[in-house]
Amino acid sequence: MTRPIHRRERGTGLGNVTLKVDVDPEAKDLVNRVADHMGLSKGQATERLLHSIALDERGLPRWSDIDDSKDKYQEALPIAKAS
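Residues numbered from 1 in each chain as written. Predicted model: local features only at pLDDT ≥ 70, side-chain atom pairs only at ≥ 80, totals over all residues. Heavy atoms only, no water.

Visitor: What is the right way to read the overall build of the protein chain from this model?
Guide: Across its full length, the protein chain holds three helices and zero strands. Written out in order from the N terminus, the α and β elements of the protein chain read α-α-α. (Helix = DSSP H or I, 4+ residues; strand = E, 2+ residues; numbered from the N terminus.)

Visitor: Is there a simple way to explain a nonpolar patch on the surface in this structure?
Guide: A cluster of nonpolar residues, Leu19, Val21, Val23 and Leu50, forms a patch on the protein surface that exposes about 390 Å² of accessible area. Within the element layout of this structure, valine 23 appears in the segment before α1 (25-38). (Patch = residues over 30% accessible without salt bridge, like charges linked within 9 Å, V, L, I, M, F, W, Y side chains within 5 Å. Areas by Shrake-Rupley, 256 points an atom, 1.4 Å probe, with all protein chains shown as cover. Salt bridge = Lys/Arg side-chain N within 4 Å of Asp/Glu carboxyl O.)

Visitor: How do you make sense of the layout of surface pockets when you look at a structure like this?
Guide: Which parts of space are left empty comes out when a probe the size of a water molecule is rolled across the atoms. As a volume, the largest pocket reaches approximately 730 Å³. Considering the residues around the largest pocket, the lining is formed by 22 residues, among which Leu19, Val21, Lys42, Thr46 and Leu50 are closest to the centre. Contributions of two or more residues to the lining of the largest pocket are made by α1 and α2 (42-51). Looking at the lining of the largest pocket, the element that brings in the most residues is α2, giving seven residues. Taken together, the residues that form the lining of the largest pocket break down as 10 nonpolar, six polar and six charged. (1 Å grid on protein atoms, 1.4 Å probe; cavity = no way out; pocket = protein on both sides within 12 Å on 5 of 7 lines; lining within 4 Å. Points joined across faces, edges and corners; volume = space filled by probe spheres on them. Nonpolar A, V, L, I, M, F, W, Y, C, P; charged D, E, K, R; others polar.)

Below, the structure is given as structure tokens:
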């Protein structure tokens, strides 16, 4: 049984943008479960999930598989300036 959807307060969604993405069915099920359990819209549930991700000082997720190779290559391979 789903709860009634809690709507945003009038005017608080001004300036919001649309995010359309393709995700695997398990990710969509997670959004739907959170939305149903909390009585939120899918958009509100997605916002809550995204805002709950821990970020580092660069604003990137603290995931072990984040590719930092761009930073490493810049340090390892400096390019000499043309004279």
